[in-house]
Structure formats: structure tokens, C-alpha cells
4 protein chains.
Amino acid sequence: MRRLRLGMVGGGQGAFIGAVHRIAARMDGQWELVAGALSSDAERARASAAELGIEPDRAYTDFIEMAAREAARRTNGGDGIDAVAIVTPNHMHAAPAIAFLEAGIHVICDKPLAATREEADAIAKAAARSRARFILTHNYTAYPLVRQAREMVARGDLGTIRLVQAEYVQDWLTVETHNKQADWRTDPARSGAGGCVGDIGTHAFNLACYVSGLTPEELAADLDSFVPGRQVDDNVHVMMRYEGGAKGLIWTSQVAPGNENGLRLRIYGDKAGLDWHQENPNEMRYTPFGEPARILTRGGSGTTPQGSRNLRTPGGHPEGYLEAFATLYTEAAALIRADAAGQSADPAVHAPGIEDGLAGMRFIAACIASSRANGLWTRL
Amino acid sequence: MRRLRLGMVGGGQGAFIGAVHRIAARMDGQWELVAGALSSDAERARASAAELGIEPDRAYTDFIEMAAREAARRTNGGDGIDAVAIVTPNHMHAAPAIAFLEAGIHVICDKPLAATREEADAIAKAAARSRARFILTHNYTAYPLVRQAREMVARGDLGTIRLVQAEYVQDWLTVETHNKQADWRTDPARSGAGGCVGDIGTHAFNLACYVSGLTPEELAADLDSFVPGRQVDDNVHVMMRYEGGAKGLIWTSQVAPGNENGLRLRIYGDKAGLDWHQENPNEMRYTPFGEPARILTRGGSGTTPQGSRNLRTPGGHPEGYLEAFATLYTEAAALIRADAAGQSADPAVHAPGIEDGLAGMRFIAACIASSRANGLWTRL
Amino acid sequence: MRRLRLGMVGGGQGAFIGAVHRIAARMDGQWELVAGALSSDAERARASAAELGIEPDRAYTDFIEMAAREAARRTNGGDGIDAVAIVTPNHMHAAPAIAFLEAGIHVICDKPLAATREEADAIAKAAARSRARFILTHNYTAYPLVRQAREMVARGDLGTIRLVQAEYVQDWLTVETHNKQADWRTDPARSGAGGCVGDIGTHAFNLACYVSGLTPEELAADLDSFVPGRQVDDNVHVMMRYEGGAKGLIWTSQVAPGNENGLRLRIYGDKAGLDWHQENPNEMRYTPFGEPARILTRGGSGTTPQGSRNLRTPGGHPEGYLEAFATLYTEAAALIRADAAGQSADPAVHAPGIEDGLAGMRFIAACIASSRANGLWTRL
Amino acid sequence: MRRLRLGMVGGGQGAFIGAVHRIAARMDGQWELVAGALSSDAERARASAAELGIEPDRAYTDFIEMAAREAARRTNGGDGIDAVAIVTPNHMHAAPAIAFLEAGIHVICDKPLAATREEADAIAKAAARSRARFILTHNYTAYPLVRQAREMVARGDLGTIRLVQAEYVQDWLTVETHNKQADWRTDPARSGAGGCVGDIGTHAFNLACYVSGLTPEELAADLDSFVPGRQVDDNVHVMMRYEGGAKGLIWTSQVAPGNENGLRLRIYGDKAGLDWHQENPNEMRYTPFGEPARILTRGGSGTTPQGSRNLRTPGGHPEGYLEAFATLYTEAAALIRADAAGQSADPAVHAPGIEDGLAGMRFIAACIASSRANGLWTRL
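Rules used throughout
Residues numbered from 1 in each chain as written. Chains lettered and ligands numbered in written order. Predicted model: local features only at pLDDT ≥ 70, side-chain atom pairs only at ≥ 80, totals over all residues. Heavy atoms only, no water. Axes fitted to C-alpha atoms, helices over the stretch in contact; angles between N-to-C directions. Helix = DSSP H or I, 4+ residues; strand = E, 2+ residues; numbered from the N terminus. Parallel < 35°, antiparallel > 145°, perpendicular 65-115°, else oblique. Left-handed = near helix turned anticlockwise from the far one by under 90°. Contact = heavy atoms within 4.5 Å. Nonpolar A, V, L, I, M, F, W, Y, C, P; charged D, E, K, R; others polar. Buried < 20%, exposed > 50% of the residue type's maximum accessible area, 1.4 Å probe, protein only. Pairing = 2+ DSSP bridges. Right-handed = clockwise from strand over helix to strand, strands pointing away. Least-squares fit on C-alpha atoms with pLDDT ≥ 70 in both. Polar contact = N/O pair within 3.5 Å; in protein donor to acceptor, adjacent residues only side chain to side chain. Phe/Tyr/Trp six-rings, centres within 6.5 Å; stacked < 30°, edge-to-face > 60°. Lys NZ or Arg CZ within 6 Å of the ring centre and 35° of its normal. Buried area = accessible area lost by both parts, 1.4 Å probe. Salt bridge = Lys/Arg side-chain N within 4 Å of Asp/Glu carboxyl O.

- Per an unreviewed UniProt entry, chain A goes by the name Gfo/Idh/MocA family protein and belongs to Roseibium aestuarii.

Here is the structure:
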């Protein structure tokens, strides 16, 4: 079985998430990076491509050209890319996404979906018109225990869900900070109107919905920019209401000293509760009401079918962030290969897509609108 | 130095918090229980008193009579009680508190202050008129590391406080439950209009204010009664705003399976963060921004003056709930002895009082009012 | 029911363990301290007694006189002490223990039993001849979860025991240290030939035997004195063999930076394993082979009969070192009251005694002998 | 820069460690698997190779033939493998290792080095004669915090090392077990005379030496086979003595229910202590004597130069077992590229080699010899 051919937009020298995507794509041997528009700066694009072993004729500076030429390569001889990874800042998602979707090339796009609602809608329209897939890297959903949590909820282990408590807390922007990563994330022109709420709040929101299976109905939010001069929010408090009466809180912050990447989900039903924390992702606490808590481990006793897919090692051999990210690439490969074969993929295979992206955009917009209206309950 | 003489109202056979108060009073050898109106049921009052070694002539069934006779004993020969502990359900706080305050007898009262705002105000008036002290057992403030946290905040170790995250989460009322403890707590006639918000929410609120030193300004709340037929709230989400711009969340619940008594406080300033959890109260995580987290231990390296008061054992010898509760009794003794001597107590000595009680009542009322108004920001 | 009358030998101003015994005795309201030979220094004895509310005529400087006079008070009018707590350095256990046992007064003695084997034997003989009880405060056995662990082992939850891993690790003697506590513990004339092995090693050994129910057969030990000039061991490695083929390690140290009072027991059978740590004593990890680990909590779901004796608060309200110590005093009271009534105590009541003390002395001696013989296997 | 070409011996369908090596080789994009003798069964070898995208003419069934033909490909046109990964059971390490070393092809071999001392010596001789490198995958040494620990020890942060406590504890062989992984590990003909001591004990021993930098001098061991009928040890207790007076314990077991892959190292000097646990490898506790413990995180504040090499993501993004394994492949690549260029690699680059393998064999032999001699101290 041949490796799928991957292109990349963004991710040149000095980038963070581009390197993550590349490792994720390599890990399970399903993908080969063969083309890229890694930077809009021609020299940087060339140098970055060379470092990554991309042939010079596939080191583009213009993603429009790349989409056209790679699409052409597919028709003329077949070595054009199967999919493109878009790892640019938020405001630069829409244009390349649309270009590749229109070229019939599958898109694997970083989150949040876009910087503005308009861009997001445009992507959604392009996705709807295209036969290519659109996959959004809400990578935290691909941790084995997160998938297991979702399955446990779905099959009723927790009973009726009442509470969904999500938090995603960091500290790296506690003070005014200037570097490549901080600069675009705190610039509304590039990140969109949401700062923290878009960058990591969307992950927390997505995780809450993914695991609970609930439809969010409305929210009341209080956003702050604690660091003087900061133009976007850096702390977000949200009260959530879900269809059917479940409630939740979302707290997300980039100014809480002592938190590196503290994404945590707790979910409670009338029969049991679950507690999972991303920084030690290989265990999850599960407590049936009235019984002692169980420590479920990745791949350990009590692993569910979804929890046992995409395991690379037995229990006790910690897998982490990159493995979860890689699982999305492997799921994407399975879906794309099935499409190419004109078959249905195994129904257990799944990955976040355009709907998750649109929901995230609605979440950002609702948080900002609610906060501006002094915490008014706002529909999602 | 003679032991102070303690009376008790409530706390007869089968009670929970009465026994806790008695252990707390005994622990440091400052108090002797000598009188009680332990139950309104005469037989139960007598039997309970006998078990506790209270002389029959001081085993009352009527706290009004007890206040009068004990006050008389103080004047006539001096062996009347110095203070009374009130450990009845919430709706039975005001009448005895007022009776003893009017009799000039110090009152140590369980929280929340009362079942209604009117009762609370009446207690406050009585306290203002009395030369006796009114102490409210917000016992969690007396953990050594909590006191240390407050001191660290006060002296600026955390910089300007931005965030105060408090939660107090239990699971014992996840399903419909009937027993002595559950019954009165879920009966608005006895607990007051607040259920969970009054029973444990006030602790979380008090702790947030105590440690941060901030004045709460307004809140938006969403209260639920998840268990069918429950007449009071059993889950509470609150967004807080403090004077000066700090923000916070309070989550308190009695329906979250897997949580026994999960009171946790996290507080973040522009220089550092603190994280403390009641279920493992002998350590606290302290992270100066940009440095590794420190694990501060009760009595260990880095202990502050307040953190080193009321230590009974060195670090590594876990102290717990009862020790913290006992510290309040020991602080009360120090205050009362100083009063009796016409002196000022050591300024480090302190205990929660009527103001904390009134603030708690405002918190309950504001939560209920805000929730009824669909989360309207409500002043405290 | 009257409080039992307690005397104390040692424990004057500046002492550590004397204060612990006093709190433990007070906590459950079973005991009243009424007499003491708190110091051999007359002035210190008097001042210490006054602070503790002991009447001047029962503030002794000579424990021989105290034993005689308190025994006389029992016969003449009945207010003599029921029991004496011996809280002196190790080399001062035997003389008072024997004096009080011979006077028919129950003895509650700190561990290890004595400084030398000869002293220990003399105490054992006196105990055998006396109708009074001898109780040794191996306080760690009285933690509710430790008692639960023992019961779980005894009833077969773990299957056949194969491994017993105990460690007791501190750091306070990492460098040369001089203070009241350190001085006698590092002086062979007062502590006995064992340093760390006697002071805390005996606790680890006792706990291993108590929970496993196994009879230790032989050991191989390697003792060190890492701190230059130290005259007793400060680090101890032991390989253990138990009757029936179980094995174990014991590590005990006072020179391991980062460990305050790290007593931990892990025990494994062919069906399950248990893991308990004194510094967070309210939970214990229990893993049936092939199932997820359970977190058993003090008083929580899954509590056994022994685990539910001596609970003062529900789960989630941390109890600690002092509560466990108090349980020994409460058990002692129950045993002594039953004796006085000529009845048998509830069979569930128990406390460590002379046999535990002798076993501890054999352990110390065997460790030293084995280490001197370069780790020769030495019978216990 | 071209990818290095990797071959593999062993690792066909159903293998565990072969898949781990392949992921590790892929992760950083330094290697491409192009040849293999994946199984001695011809059909299985062919099928496994096809699955992995190995061209049929490089899917060998005989590693001797493979060594010859791949060596020839290097000379004739240059696409022969640069290195071979040997992932067979222990008794099948020596023959292929020697064959490839003699063919001048670098060898990356799983641990322990061999099943017997004779085989180990033969590999060592071949390695000494060859210009090719021999790298042994003691993968746990490549965790960033383990490398940081070693550097902290080396630069004196802990002072003079006194204690090195290592344990590696699993439970998967608690009962008689039959599957591909268990079968060869419990068969002395394939695993060598050591069972648990060879399979995981060597990792614990290697880690202790790697981090401490100490030379082990002698040991006393007690080995058991608890499971009836088991032909190799399944539990190992070792007392260690290091050159210069440091001491340690090693406990390794495969029959301790509740332990998945519990490799832990604690190391103490006269200035500080460190504590690291493989199952949560992204944090390490560091306590300077007399100061609060610090939680050092992978890539967080306080990261040392060695700790910051080979980071793929910032702190809070957990990396795990596969990342550490991948680091060995990346280090191997750096060393091999430097060799090929006739240059010295960056002195920070390093990987375990033949000396580690021989030390591990001496450790196994000494443990077995000591245990047979009833725990006699045995030189390493």
C-alpha cells in the first residue's frame, strides 16, 4: 500500500504546529510530505523545503499555484498530492482551504477554522461543493482515553449526562510577550476577534461536545484581557447550557501561572463520573456512583473498542500529544483511501470536520457577543 | 490556665457536625464541654448528655432556659459556660444565637449563618449589641496552608490578583437520598432557600474571599436541581467579579459522582499562582511565573508565619479536617481569654465572624436572585 | 462513663512526641492527663505540669515515686492514674515501664521498645508478670486504611501474599544536625545501637508484618552512616524473607532529600495488590489482577469492617497522623475498661503490644548483625 | 539531506518491539525502512515486508544473505542499508549482530545484549573489529528528563551521590501466561538464564548507572520464580554498592498486580534529591535539601541543555515512550552521518552501546550467581 502524498501550506522554519503536523503524518507510515508552500517568503520557502527533503519543483511560494500544479500532477501521471495540511495563522486558512478544495484535494486544516465567520462560511461552502474531504485537527479528540470516554458516555455508562466541566489553562501569556507564536495569536487581524477563546477555548468546547455527545444551546460569557495593551481576550469564563438540560462551565486562560497546557474534562451523569487531564493523558478516573473510583489506563483493563483503536504500545508505555495528533492523520488516511476505493471506511474511523469548525466559530462569536452584552445568554 | 467551659445547642445522638465540634474543642485542651441542649427531644437530650459526661443538671432541652441558667451560673459562682457552640440545622441558628449573645455568652456557630436573611440580620444586630463574640465555623480557612496562602497573597507573592477559581464538589446527593443529614439539607424550611449553594457554596465563596482578600462585587449564577423532586439547588455555576477587576468562577455541586469533599482553590496573580485542594490539604502548589512549580508542604520549607501558627506536628505528619476545625476553637479561646483579661489578643489570631456570615447570606441570596433572573449580574 | 486517668513520663517542654500523645489522648474524650514526671529537671517538670493543668502534687520529678504514689492513690480513694504514657528517649523506656507495670498500672509506651535487648527483655518479663497491659505506640497501624488493608489481606482479597515492600524515608538528617530531637536519636547511648533502623525502620517493619500477617524469617541488611561523624546508621537496605516464601524489601533513610515522612507500604499477592502512603493516608490503591485499579478512600465505598471502626468523619474529610494516634489511645481505653469490668473487649479492638516491641528489637539486632557480617542472612 | 536506509531483522507480524522500532525510526524523518529479514518463516517474512512497503527483492528470510546483499548494494550503487535494527528474541541477537557488523553495517540492537555471556562477548569482539557502530536501545535513557537528571547529577546539583533507588515493576506475568511475548521471555533457551532480571532489570540497572554516573561494584541479589512452573525469575531484589560508597536498591518484578510499566528512579545526594517515574515521564521532582520540592517539567522552566535537546513540542504537550525511543534513532542518525562525513558529532549526541550491553550482561550474571549463593555479595 503506497504512502499518501501530503502537501503543506505554512509551517516553514520557526513554526510550531507545522512541525507537529509533519511528525504526526510520519508516525504511522501512512503519509509522505512531497510538496509545500511553506512560507510566502520565497527564500524561506525554498530553504524550508530543502530541509524537509521536498523536491525544488514542488517548493512553492504561492498556494494557488501549488493547488493548480498539484491537481494537474494528479491527472497527468498521478503523483500529485492526495491532501494538503494548512498550518498557517487563522486568517490564512480560508484562501488555501478553498483553493485546494476546489482543486479536489483533501484538506487537513488546523483550528480554529478561520479568523472570521465569513471566511468560515466560505470554507464550508467550498467543502460542500467539493468531493474532497475537510478535516480539522481538533487533535485532543484523538487521545485513546478521550475516544473511550465518548464511547462510555454514548453507551450509557454514565447515565444521563448532567454536567460537563471543561478547562484549558495555560500561562505563557501572563505578561506581555513577543515572539512568532505570541505575535499572531494576540493580533486580531491574524487570529480573529477571539484570542484565548479561539486559540484554546475552541479545543475545550470541542472536547466537551465530542465526549458528551450533547448539543450546546446557549452560553453566558465573561471575557477579559488582563495584560495591559492586549488586544484580544486572555481569560474566558463561560456558563454553558446544553440541549436536554445538561449544564457546564468552560474556563480557558493564558494568564494562569503554573499551567502549561492544562486541558481537563470532567463529565458527570446520574450514574457515574469521568475525569481526564491532557497533561497525564494515559489515565482517566471513572467513578460509578457509590463505588470506588477506577483508574482506567490507556490500553489497560477495561479498555473499550474505541479506546483500543490506534494503540501503538501496551498500557504503561505513555503515549502523548504527538500520538494523538498522528491518529488524526491515520484516520484521515483511512477515510481517503476508502474514498479512493469507492468504499465506506470502517464506521469506527472518524475525524473532526467542517461541522466542528463551524461550531467552534459559533462558540467564539457567541462568547464575544455575550461578553459584550454583559454576559447575556446567547444562542449557539 | 483553666479550660474554657463550652455549652452546645444541637449535636445529639446521630448528628455529624456536633461531634466534629466536640473533637475540635477537645483537641488542643482549651475547652471542656459542660452543658448542652443537645436535642429538643427531652429523652434524647438526656441520653446524649449522659454519653458525653455532661452533668444532668446541665442537660437542657430548652436553649432559652440554658442561656438563662448558664448566664446565672457565671454570675453566681462562676462555673457557667464561657461559650456555646450552635450546631443545629440552619433554621435553628438564629434563636439560640440571639439568646446566648443577649446573655453575654460567646457564640461559636456553624455555617451558613442562618436560613433566611431576616434571621441573619437579627443575629447581626444581637452580635452588635452584645459584648460577647460571634464566631462562625468556616473551618476550611483554618488549614495552615490556607492561612499561608492568604498571607502570601497579602504580602504580594502573587502580584496583582487576576483570577480566583473555587470549587466545592461532592457526590452524596447524586440520587434521591433520605437520612438525617440529607433530609434537612434538602428541605427549604430547614436549610433556607439555598441547598448546595448554602451548605457548601458558602464555604467556597468564603475561602475565595478569605485567601484573595478581595471584595466581591457582583455575580451571575445558574442554579439547578438535577435530582427529580429536589426542592433546593444541587448544582451551582457562578461567574464572579471582584472589586478592582479580578474575576473568578465558583462551581459547587452535590451530584458529581467521584467527588467526596472536593474543595479546591486556585488563585492567580500577575506574578504567581497557587493551587490547594482540601482532600490532600498538607501540600499546595506554588508557581512563580517563569519558574518551576514548588510543592509547599504544611510546616515544610518556605512556611510563612501564619502557616506556622497552630502546627501540631512537623511536615509529613498529615493533619486534616479536624485539626483545622480545632484551630478555630483554639483561636476562639485565645480571643475570649484576651477579652476576659481586658487585653488585645496577638494580632495574628483570627477567626471568621458575623461579617463572613452576612457575606455568605448575601452570596446565597445573590445566587438565587441571579439564577431566577436568568443569570443577571447581581450585586453582592 | 468517666474519663480514664493518664500519667506521663517524659514529654516536658520542647518535646515532640509527648505533645502528640497528649493530643491523641484528648481527641476522643476517653482520657484525662492528671499526673506526670515530665522531666528529670525539677523546675522544668514543675513548669511543664503547670502548663498542662496538672495539679502540683501530681507533678513528679521521679517516676519511681510517681508509680508508687499513683498506685497508692488507686487503692486509697481511687483517683490514681489508670495508665501511664512513656515518651522518653529509648534508653529511658525500660525503667519506668517496669516500675509502672510492677505497680499494676497500664503502660502505653513509645517505640522502639528499648535501647537494648536486655532492657527489652526486662520489660517483657515485667509485662508477663503484671496484670497491667503494655501497649506500644506503633501508631501507623491505626490508620483506618491500614487496618482495612490488613483485613483485606486476611480475608484473601489479595490471594497468597508474595511481596511486601515497605519504605520509610525522611530527609531531616541529611546533614549534621543538632537539636533536641536529633541529638538523642543520633546518640547510641540514648537511642540504642540502631539509629534510623530503630527510629523509623521498626515502624516500616512493624507495618509490613501487621498488614501482611506474615512471620518474618530472616533478613540481609546493609546499613550506612552517610553523614560524616554520625555514630548510628542513617540509611538501611534490607532484603526480607517471610515464612512460606514471601519476600520483601525494606528501605529506611533519614538522608534522602525531598522526603518528609515517607512511609509507604505495597503488598502483592497472586490475586491483587495494595499501595498505601502515609503522607496521603486517606486513600489506598487496590488493583485486582486484570482489572482497573480502585482508589479506596477512608470511609468511602468499599470500606471494610476494620476500616470503618474509629472513623470520626465521612470520606473526603482528611484524617491524619493525630487521628491514627488517637485511635490507639481509644483502643487502649476500650481494652482497659473491659479489663476493669472483667469482660472481654470487642474482638475487633486491638493495639500493638510487647510482642511487637520484641519483634522490633529482633529486627534492629538482626539488621545490625547482618550488616556487620556483610549482609549475611540472619534469622529474626 | 537524504534519509538513512534501515533494515530490520525480526519484527514480523505480531511482534511488539519491531513496530516500536519502526515508529521510532520514522518519527523524526531521519530513516526509511527499505529491507528486512522480518521472520525466519518465508511466507510470514514476505507478507510482513509487503505490509511495510519493502520491495520484494529486499524481503529476506535469511539475515546472513541480507547482510551480504545489502553490503553489496552499498558498494554497487549505494542504496544498501546504512544500519540494521535487530529486534529478535535475545538468543537471536548475536548471530545477526555479528553478521552485520562484519559486513560494515551499523547495528541498532534491542536489549539485553544477548542470551548468554558467550554470545555477548562475541558481539563485543565483532563490534571492536568493525568500523560500524553498535547501538543498544536502552530507550529509557532518552527521555528528556532522564537526560536532564544525568546532567544535573554530573554538574553537581545533587552534591555527592549517596543513594540510587531504581525499580521496574510490572504485573503482566502474575499468573501463568501464554502468548508470543510471554512465551519467549519465560523460556531460558530464548531469553537467557535471566527472566525478569534480563528483560526489565537491565533497564533499571542501566538507568541507575546512566543517571548517577557511578560505577557499580558489587551486588547481593535474591531472585524468585513465584508462578508455579516458571523457569526463569519473575521477581528480583538487589542491594547495590557503587564505587565510592554510594548504595542502592533495585527491585524488578513482573508479578506485582497494579503495575503496568512502573520504572522509577530516585537518586539522592548530600545536596538534593530527584524522583522520576516513567509512567508520567514529563515531570520530575527535584528537592534541594531544605527547600520546597520543585516540579521540573519536560521543556519547562529550569530545563538544562541536555533536557532541551530532542524536544519536539513545548512543555505541557506530553511526549512519551515512542518519542524517547525515536530520540535514540535520531541520535544514531547523527552519529552515523558524522561518521560518514568523517567528522565528530556534536559532543552532546550520545546513545547506549556495547559497554552498556556488557554491563547489563554482567548484571544479569551477578544477580543469578549471587542469588544461587544465597545473596553473596558478587562483583560486577
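Back to the text.
**Looking at the packing of helix 3 (residues 63-75) of chain B against helix 4 (residues 94-102) of chain B**
All names here are of chain B.
- It is the contact of helix 3 with helix 4, at a shortest axis distance of 9 Å, that shows an interaxial angle of 15°. The orientation of helix 3 relative to helix 4 falls into the category roughly parallel. The interaxial crossing formed by helix 3 with helix 4 has right-handed handedness. On helix 4, the residues touching Phe63, Ile64, Met66 and Ala67 of helix 3 are Ala95, Pro96, Ala99 and Phe100.
- In terms of residue class, the contact of helix 3 with helix 4 is built from eight nonpolar, no polar and no charged.

**Describing the environment of D:Leu163**
- Tracing the backbone shows D:Leu163 in strand 6 (residues 161-169).
- Once the C-alpha coordinates of D:Leu163 and D:Met240 are considered, the two residues, 77 residues apart in sequence, prove to be 9.5 Å apart.
- Aside from chain neighbours lying at most four places away, what touches D:Leu163 is C:Phe226, C:Asn235, C:His237, C:Trp251, C:Ser253, C:Val255, D:Lys247, D:Arg266, D:Ile267 and D:Tyr268.

**Topic: the pairing of strand 4 (residues 106-109) of chain C**
Residue and element names in this part refer to chain C.
- With burial as the criterion, each face of strand 4 is covered, one bearing His106 and Ile108 and the other bearing Val107 and Cys109.
- Bridge count for strand 3 (residues 83-86) against strand 4 is four bridges, and the pairing is parallel. Bridge pairing links Ala83 to His106 in strand 4.
- In this region the chain leaves strand 3, passes through helix 4 (residues 94-102) and returns to the parallel neighbour strand 4; the handedness of that crossover is right-handed.
- Relative to strand 5 (residues 134-136), strand 4 runs parallel, the two sharing three bridges.

**Focus: the relation of the copies chain B and chain A**
- Overlay of chain B on chain A (RMSD 0.0 Å): rotation 180°, translation along the axis 0.0 Å. With respect to symmetry, the two chain copies, as superposed, fit the operation of a two-fold axis.

**Points about the side chain of A:Ser212**
Residues and elements named next belong to chain A.
- Note that Ser212 resides in helix 9 (residues 196-212).
- For Ser212, the side chain forms a polar contact with the main-chain oxygen of Ala208, separated by 2.7 Å.
- Separated by 3.0 Å, the side chain of Ser212 and the backbone nitrogen of Leu214 make a polar contact.
- Once you skip the residues sitting within four places of it in the chain, Ser212 turns out to touch Val153, Val164 and Ile267.

**So, the packing of aromatic side chains**
- Enumeration over the complete set of coordinates arrives at 32 aromatic pairs over all chains.
- Pairing A:Trp251 with B:Tyr268 gives two aromatic rings, centres 5.9 Å apart and planes at 40°, and the pair type is tilted. A residue pair is termed interchain when its members come from two chains, as with A:Trp251 in strand 9 (residues 247-253) and B:Tyr268 in strand 10 (residues 262-269).
- Classification of A:Trp251 as buried rests on a relative accessible area of 2%.
- For B:Tyr268, a relative accessible area of 2% puts it in the buried group.
- Positioned above the aromatic ring of B:Trp377, the side-chain terminus of B:Arg241 is 3.5 Å from the ring centre.

**Some details on the interface of chain B and chain A**
- Between chain B and chain A, the contact holds 43 residues from the first and 43 residues from the second.
- Taken over both partners, the interface formed by chain B and chain A buries close to 3600 Å², and the fraction arising from carbon and sulfur atoms is 58%.
- Applying the counting rule to chain B against chain A returns eight salt bridges.
- With a shortest N-O distance of 2.8 Å, A:Asp224 and B:Lys247 are connected by a salt bridge.
- Run the count over chain B and chain A and you get 18 residue pairs in polar contact (both at pLDDT 80 or more).
- Of all the elements in the fold, those that place two or more residues in the side of chain B that touches chain A are strand 6 (161-169), strand 7 (216-224), strand 8 (235-242), strand 9 (247-253), strand 10 and strand 11 (272-277) of chain B.
- Split into classes, the residues belonging to the side of chain B that touches chain A amount to 19 nonpolar, 14 polar and 10 charged.

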